[in-house]
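Examining the three-dimensional arrangement
Residues per chain are reported as follows:
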Amino acid sequence: MRPKDRSEFSIAIICALTIEANAVIGLFDEFYDRYGDQYGKHPRDAAAYTVGRIGKHNVVLCHMPEMGKASAASVAASMKFTYTEVSLALVVGVCGGVPLLSSSNTPIFLGDVIISNAVVRYDYGRQYPDGFRRKKRITDTLGRPSQEIRTLLSQLETRMAHSNFQDEPTMLDPGFYILLSIVNPEIVEQTYINIAQMLGIQDVKPAEAKEQVKDHLSHKSALKWLLIFDNADDMNMWTKGSNSAPALKDLMPRTEQGRMIFTTRNRQLAVKLAPTEISISKVDEETGIKMLQMALPGGDLSDDRGTAVALLSQLTFLPLAIMQAAAFVKENSISLGDYLTLLQEQEPEVVELLSEDFETEGRYQDVPNPVATTWLVSFQQIQQIDQLAAEYLSFMACVNPRNIPQSLLPPAKSKIQMVKVLGLLSAYSFISDQAKHNPLNLHRLVYLATRSWMRRNQQFTLFIRKTAERLTEAFPNDDHTDRNLWRAYLPHALSLLEEDEFKGQQEQYIDLLEKVGDCLVSDGRYSEAEALFCDARGIRQRRNGKAHLSTLVSMSKLASVYSCQGRFTEAEALNIEVLETRNQILGPEHRDTLTTMSHLAGVYYEKGHHKQAETLRLQVLETT
C-alpha cells in the first residue's frame, strides 16, 4: 500500500554518482514518485528525490549534486527537513579503495562482507610541525553507534552469523552480467567487440570477437557470469548463420561458471536455444493499470479507471504499446480519453499513432521503439523463415481479424506444413488459438502493422486479389446444410468486400458477390444483400448487356430481395422486365421463365391483385 505522506518513509539511500543511483533504482520494486511531484518537499530543501518500495520497505533515494563530503552533508541535512521520520540512512556507491590491514593476514577480496564497529573521519586530525596527523583511534570517532546498532553488531560477531555468510556464497560471489540486444547483425558485432574489450582481451579483431569471447568465458574466466540475450527472435541468425557469420547458437560459451538467459517472441527458437522455457503470461488488467500509474504523472487512475481499462483493451494489454501510449500522453499533455479517441480513428491515423517514436527508461538506443515498427521487424523475420507463413499473415490482414476458420486459409501442401506454419505464427504471438479446428485470432496491432507494411510495399492490392480468389473458391452456396460454414465465412467475405482495393476490381468476382448476397438473404439481412445484387446487376449489364441471361439472373435476385423487403412495386417492375426478356430468349415453357412467372404471381398476390396472380399460377401449372 502506498504511503499517505512523507512521514511513512524510514530509510534513505544517498548516492553521489548517477551510475550509483541507476544501480539502486534497478532494485526498486515499485516507484511512488519519480520526480518529487506527488509527495513534495520542505521549502528549505533543495535536494532531489526518487521514492518507492524495495521489498517491504518505503525508501527515499537522495541524488547528490556532486561528489564530496560537503555535498553529502548538505543533502543529508536537507533530507531531514523533508523526511523527518528517516531512521536509517545508507551511503551507497562505488568504493574508492580498501585499506590493507597490517595487523591481519586475512586478504580482502571482491565480494567479502566487512562490518565495522565504528566510523572514523578520514580528514579529522591536527597539523603538526612534521605534517598532518589523522585521528584514527576509536576514541576519535564521530560518536558511539546507537544501542540498536551495537546489539546488531554483537549478533553479527557470533559464529552462527559468520557461518551464514560463508554458507550462502551465491548471494555474495563476485561475478558480472552482460545484456546483449540481438536485433540485427551490425549491433551484435559491435556488442561483442565491446564485451571483448571489457573482458580485457587484447588485439580484438571484429571478425573474431565472438569466438574470442566464447573462448574466454568458456576457459579463462574465473568469475561467474550471466549473459542475457535480449530480442533473440531471428531464427536464421541463431540457427543457420550466413556466409559471413556462423550461427550464433554455435558461439555460446559452455562452462559451469556461467549461465545464459534468452528473451524472445519466437517460441520455436526458444525451444532450440534453452532446455527450460518460461512463458510470460499476458498482462492482466491490474498489471496494466499499475504500468500506466508508474508511467504517467500523478499516477492515480482511480477516477478514470474505466477509460484506462478501455485503453488497455484497445492496446490488447501489450506492454510496449502501453508504454508508448503513456509517453505520447505525457509529451502532448493529453488525457487517456483523448488517446483512446485517437485509437478509434481511421486506420491510417491509428497506424501513424502507433508508429510514433518514443523514449522510455530501459529501451535501447538505435533500436526501433514504436509498436508498429517492432511488429514489422518480426514480420520481415517471418518472411525469411517461411513464405507460406507470411502469405497466411497477409491473407488474415485482408479479412476480419477475429475468428478466422482454419479451413478458409489457402491450402498448404500437407497437414504437417500447415501445423508448422500456424505454429510459427503462434510462436511470434501473431495469432492465438491455433489448436486443431479452432478459429484463429490475429492480434489487432499485428493486423494494423501488416496492412501498413503491405501498403508501403505496394502489396496490398495484390493480396486483396489473392484473398478474393481464395474466397471465391471456398465460399459455399446458401444451401441450408452448409449454413454453419457460410455463417463462419460471412464476416470475412463482408470485410473483404468493403475494402476500396476490392471494389476497384470487383467486376472479376461477381460470383462471390452473389453467393454472399444469397447467404445474406437466407439470414434475413436484406439491405446488405440488396447492395451486393445491385452491384452485380450493374456489372453484368455493363459487360453483357441488359438482355443477357446472366444479367437477368442478377435482376431476378434483386427482385426477390425487394419482395422480402415489402417493396412490391419495384419487385413487380423488375419481374415483368425479366419475364418479357426470358420469354423472348428462352420461350414461355422454359423453367427459368416459369420461375419468374411464379415470382410475379406472388408479388401480385401481396399487392392484392388476386385475379392476375391466379391467372399466372394457372398458366404455370398448365405448362408444367
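Report on the accompanying structure. (Residues numbered from 1 in each chain as written. Predicted model: local features only at pLDDT ≥ 70, side-chain atom pairs only at ≥ 80, totals over all residues. Heavy atoms only, no water.)

Let's talk about the overall build of the protein
Our working rule: Numbering of helices and strands runs from the N terminus, with a helix taken as a DSSP run of H or I at least four residues long and a strand as a DSSP run of E at least two residues long. When a residue's accessible area, from a 1.4 Å probe over protein chains only, is under 20% of the maximum for its type it is buried; when over 50% it is exposed; and in between it is partly exposed. Residue contacts are defined here by distance: any two heavy atoms, one from each residue, within 4.5 Å place the two residues in contact. Using a 1.4 Å probe, accessible areas were evaluated by the Shrake-Rupley method; residue-level cover was limited to the displayed protein chains.
When its secondary structure is counted, the protein shows 26 helices and twelve strands. Relative to its full complement of 624 residues, the protein shows a buried share of 39%. Here the contacts in the protein between residues at least 6 apart in sequence split such that 62% fall between residues at least 24 apart. When the accessible surface of the protein is summed, it comes to about 35,800 Å², and 51% of that surface belongs to carbon and sulfur atoms.

Quick notes on the side chain of Asn575
Looking at the secondary structure, you find Asn575 in helix H24 (residues 568-585). In this structure Asn575 touches Ala559, Thr596, His599, Leu600 and Val603, once residues within four positions along its chain are discounted.

Focus on the nonpolar core
The criterion, for reference: Here, nonpolar core means buried Ala, Val, Leu, Ile, Met, Phe, Trp, Tyr and Cys residues that are tied together by side-chain atoms lying within 4.5 Å of each other.
Of all hydrophobic cores here, the largest spans 67 residues; its most connected members are Met396 and Val516. Those residues in contact with Val516 that lie beyond four places of it in its chain are Phe475, Leu490, Ala493, Leu494, Leu497 and Leu532.

Some remarks on the side chain of Gln506
Looking at where Gln506 falls in the secondary structure, it is placed in the loop between helix H20 (500-503) and helix H21 (510-522). Residue classification places Gln506 among the buried residues on the basis of a relative accessible area of 14%. What Gln506 contacts, discounting residues up to four positions off in sequence, is Leu513, Asp535 and Ile539.

Quick word on the pattern of salt bridges
Rule in force here: A pairing counts as a salt bridge when a side-chain nitrogen of Lys or Arg comes within 4 Å of a carboxyl oxygen of Asp or Glu.
With the rule as written, the count across this model stands at 21 salt bridges. Asp511 is paired through a salt bridge with Arg540; the nearest N and O atoms lie 3.6 Å apart. With Asp511 in helix H21 and Arg540 in helix H22 (residues 526-544), the pair connects residues that are 29 residues apart, well separated along the chain. For Arg567, the salt bridge goes to Glu530, with nearest N and O atoms at 2.9 Å. Taken together, the residues Arg567 in the loop between helix H23 (549-564) and H24 and Glu530 in helix H22 connect sequence positions 37 residues apart. For Arg567, a relative accessible area of 26% translates into the label partly exposed.

Looking at a nonpolar patch on the surface
The test is simple: Like-charged residues are merged into a patch within 9 Å and nonpolar side chains (Val, Leu, Ile, Met, Phe, Trp, Tyr) within 5 Å, provided each residue has over 30% relative accessible area and no salt bridge.
A surface patch of nonpolar side chains, amounting to about 210 Å² of accessible area, comprises Leu88, Leu90 and Val92. Along the chain, Leu88 falls in strand S5 (residues 88-91).

Considering the packing of helix H15 (residues 387-396) against helix H17 (residues 444-456)
Quick note on the threshold: In this analysis an axis means a line fitted to C-alpha atoms, helices contributing only their contacting stretch, and an angle means the value between N-to-C directions, from 0 to 180 degrees. Angles are sorted into four bins: roughly parallel if under 35 degrees, roughly antiparallel if over 145, roughly perpendicular if 65 to 115, and oblique for all others.
It is at 9 Å that the axes of H15 and H17 come closest, and there the two elements cross at 105°. When the axis of H15 is compared with that of H17, the two are roughly perpendicular. Contacts between H15 and H17 involve Leu393, Ser394 and Met396 on the former and, on the latter, Val446, Tyr447, Thr450 and Met454.

Section: the environment of Ile14
With respect to the helices and strands, the residue Ile14 is situated in strand S1 (residues 11-15). Sequence separation of Ile14 and His63 is 49 residues, and the distance between their C-alpha atoms is 6.4 Å. Look past the residues within four positions of Ile14 in its chain and what remains in contact with it is Cys62, Met64, Val75, Ala76, Leu90, Val91 and Val92.

Description of unusual backbone geometry
For Ser333, which is not glycine, the phi dihedral falls at a positive 50°. Tracing the sequence through the fold places Ser333 in the loop between helix H11 (319-332) and helix H12 (336-343). Relative accessible area serves as the criterion here: at 70%, Ser333 is assigned to the exposed category.

Thoughts on the packing of helix H10 (residues 305-314) against H12
Rule in force here: Crossings are assigned a handedness: left-handed for a near helix turned anticlockwise from the far helix by less than a right angle, right-handed for a clockwise turn. Three categories are distinguished: nonpolar for Ala, Val, Leu, Ile, Met, Phe, Trp, Tyr, Cys and Pro, charged for Asp, Glu, Lys and Arg, and polar for the others, with Gly belonging to the last.
Relative orientation of the contacting elements H10 and H12 amounts to 30°, with a least axis distance of 9 Å. Crossing handedness for the pair H10 and H12: left-handed. Residue-level inspection shows Thr307, Ala308, Ala310, Leu311 and Gln314 of H10 in contact with H12, the latter providing Leu336, Gly337, Tyr339, Leu340 and Leu343. Taken together, the residues of the contact of H10 with H12 sort by class into seven nonpolar, three polar and no charged.

Some thoughts on the sheet that holds strand S3 (residues 48-54)
So the rule is basically this: For two strands to count as paired, DSSP must find a minimum of two bridges between them.
What the five strands build is an open sheet, ordered S2-S3-S4-S1-S5; its pairing is mixed. Where the open sheet ends on each side, the last strands, each with one partner, are strand S2 (30-33) and S5. Taken over all neighbouring pairs, the strand axes of this sheet differ in orientation by 30° on average, direction set aside. As defined by bridge partners, S2 adjoins S3 across three bridges and the pair is classed as antiparallel. Note that in S3 the partner of Glu30 across the bridge is Arg53.

Structural notes on the environment of Gly545
In this fold, Gly545 is placed in the loop between H22 and H23. Setting aside residues no more than four positions away along its own chain, Gly545 makes contact with Arg540 and Thr551.

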